[in-house]
Amino acid sequence: MIAISKPQFGDEELALVREVLESGVVAQGPKVAQFEEEFAALCSTQYAVAASSGTTALHLALLAHGIGPGDEVITSPFTFIASANSVLFTGAMPRFVDIRPDTFNIDPALIEAAITPRTKAIMPVHLYGLMADMTPIMEIAERHGLAVIEDAAQAHGASYHGRKAGSFGTGCFSLYATKNMTSAEGGMVTTNDPQIAEQVKLLRAHGSKVRYYHDILGYNFRLTDLHAAVGLAQLRKLEHFNTIRSQNAEFLNQHLQNVITPQVPAGQTHAWHQYTIRLTHTDRDSAIEKLKAQGVGSAVFYPVPVYRQKVYLDRGYDQSLPVTEEITKQVLSLPIHPALSSADLETIIEAVASL
Ligand SMILES: *Cc1c(COP(=O)(O)O)cnc(C)c1O
């Protein structure tokens, strides 16, 4: 079976992990600091602050921007649940705006109508590794005095008109096992604002600058040096990984038949976390079975709009956004990861042609 994702580790990860174990410093220490420095360079930001996961990175970023009870954050309903849940964790409420069918990302033309006196931030999600349309989003945020928190959990190395994901607003990345680069579990917050960086650091470690003196209510959302060792080795391979992902995507775009293939808007670099087609003429469940019978793994990211999840229905959400409704029924992600062979790509193309 050709897996939908496959993390790749080698001697580089092993050497750095060994170094950490032999040093005896396994919790947050010098490797985390080095990882943060190199991650900031990747994003061309002044600061990167590591966290224990993408979810805690989002939570920390929202808290650092002072978001809490009574506030609203505008975001996409077509995403992994963590994007919206991180807003709930703070006591604020997410407000869902429909997406564009061509990019799967939040539709900037619909954002202003969703702004209320309670709105504090816009949280675009760079879904599948393609950045949201940041020029209009930044303009709207500026006009209304809103923070921008990028959910860049799937967009390591993506760019928009020459600017990296995570460098527009406060960026939040995941380093989970299936992402373009991984530390097994882990996350990162990127920013050019020294006060946000400082606040994230404070919140990440029990609100403490001086050991056992606590200024604010904080958490334990730290990354470990062991995880940072894996992350560092992966970071140094990211460009190579993303190049192969992009070549795989180009090949599939050229050869797949009968399906709507993903396109990249001018001026953007896609990180190709997922390669996601739209099935408009075949039943998706039977397509998944047919692909599986031919040895091709696939996955649906995401089958249910966030506002239809029970956790949101229980909080009074009662929405139906037309593009999101349609897209959740059509999308299917195919393997795109860097471990695919040319034979694997041919198998995928043949299997899709048979749908
Ligand atoms: C993976 C992911 C997250 C959460 O990251 P974790 O590291 O799993 O906590 C948040 N948002 C999106 C869009 C993701 O894909």
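Just so we're clear, the structure is a prediction, and the values are computed from it rather than from any experiment. Counting restarts for each chain, with residues numbered from 1 along the sequence as it is written. Predicted model: local features are reported for residues with pLDDT of at least 70 only, side-chain atom pairs are reported and counted for 80 or more only, and whole-chain, interface and lining totals are derived from all residues. To obtain the side-chain values, all non-hydrogen atoms of the structure were included, while hydrogens and water were left out.

**Details of the sheet that holds strand S9 (residues 187-191)**
The strand order across the open sheet built from seven strands is S1-S9-S8-S5-S4-S2-S3, with neighbouring strands paired in mixed fashion. The two strands at the open ends of the sheet, each matched to only one other strand, are strand S1 (47-51) and strand S3 (93-96). Pairwise comparison of adjacent strand axes, ignoring direction, gives a mean angle of 25° for this sheet. Two strands are said to pair when DSSP picks up at least two bridges between them. Helix numbers and strand numbers start at the N terminus; a helix is a DSSP run of H or I with at least 4 residues, a strand a run of E with at least 2. Pairing analysis gives three bridges linking strand S5 (residues 147-151) to strand S8 (residues 170-174), with the strands arranged parallel. Bridge pairing links Asp-151 to Cys-172 in S8. The contact rule is simple, with two residues in contact once any of their heavy atoms fall within 4.5 Å. An axis is simply a line fitted to the C-alpha atoms; with a helix, the fit covers only the stretch in contact. Between two such axes, the angle follows the N-to-C directions and lies from 0 to 180 degrees. Strands S1, S8 and S9 of the sheet are contacted by helix H2 (residues 30-43), whose axis makes an angle of about 130° with S1. With respect to the sheet, helix H6 (residues 194-204) is in contact with S1, S8 and S9, its orientation differing from that of S1 by roughly 15°.

**Digging into the packing of helix H8 (residues 238-255) against helix H12 (residues 342-353)**
Across the interface, H8 lies against H12 with an axial gap of 10 Å and an inter-helix angle of 30°. The way H8 lies across H12 gives a crossing that is right-handed. Residues Asn-248, Phe-251, Leu-252 and His-255 of H8 touch H12, and the partners they reach there are Leu-345, Glu-346, Ile-348 and Ile-349. Only Asp, Glu, Lys and Arg are considered charged, only Ala, Val, Leu, Ile, Met, Phe, Trp, Tyr, Cys and Pro nonpolar, and every remaining residue, Gly among them, polar. Looking at the contact of H8 with H12, its residues break down into five nonpolar, two polar and one charged. Throughout, a crossing is termed right-handed when the near helix is turned clockwise from the far one, and left-handed when it is turned anticlockwise from it by less than a right angle.

**A closer look at the pairing of S9**
A 1.4 Å probe rolled over the protein chains alone gives each residue an accessible area, and that area as a share of the maximum for its type sets the label: buried under 20%, exposed over 50%, partly exposed in between. Among the five residues in S9, five count as buried, and that is most of the element. What you see with S9 is no split at all: Gly-187, Val-189 and Thr-191 on one side and Met-188 and Thr-190 on the other are buried throughout. Taken together, the five bridges between S1 and S9 define a ladder with antiparallel strand orientation. In the sheet register, Ala-48 faces S9, and the bridge partner there is Thr-190. One ladder, built from four bridges, connects S8 with S9; its direction is antiparallel. Its bridge partner lying in S9, Cys-172 is registered against Val-189.

**As for the pattern of salt bridges**
Throughout this description, the term salt bridge denotes a Lys or Arg side-chain nitrogen within 4 Å of a carboxyl oxygen of Asp or Glu. Throughout the structure, instances matching the rule amount to 12 salt bridges. We note a salt bridge from Arg-308 to Glu-325, for which the minimum N-O separation is 3.0 Å. Of the two residues, Arg-308 sits in the loop between helix H9 (284-293) and helix H10 (310-313) while Glu-325 sits in helix H11 (residues 322-330), which places them 17 residues apart along the sequence. Of the residues examined, Arg-308 reaches a relative accessible area of 38% and is grouped as partly exposed. One network of salt bridges, with partners in common, ties together Glu-12, Glu-13 and Lys-237.

**A closer look at the sheet that holds strand S12 (residues 268-269)**
The sheet built from three strands is open, its strands ordered S7-S6-S12 with antiparallel pairing. With partners counted over all chains shown, the strands left at the sheet margins are strand S7 (163-164) and S12, one partner each. Relative to S12, strand S6 (residues 159-160) runs antiparallel, the two being bridged by two bridges. The partner of Ser-159 across the bridge, within S12, is Thr-269.

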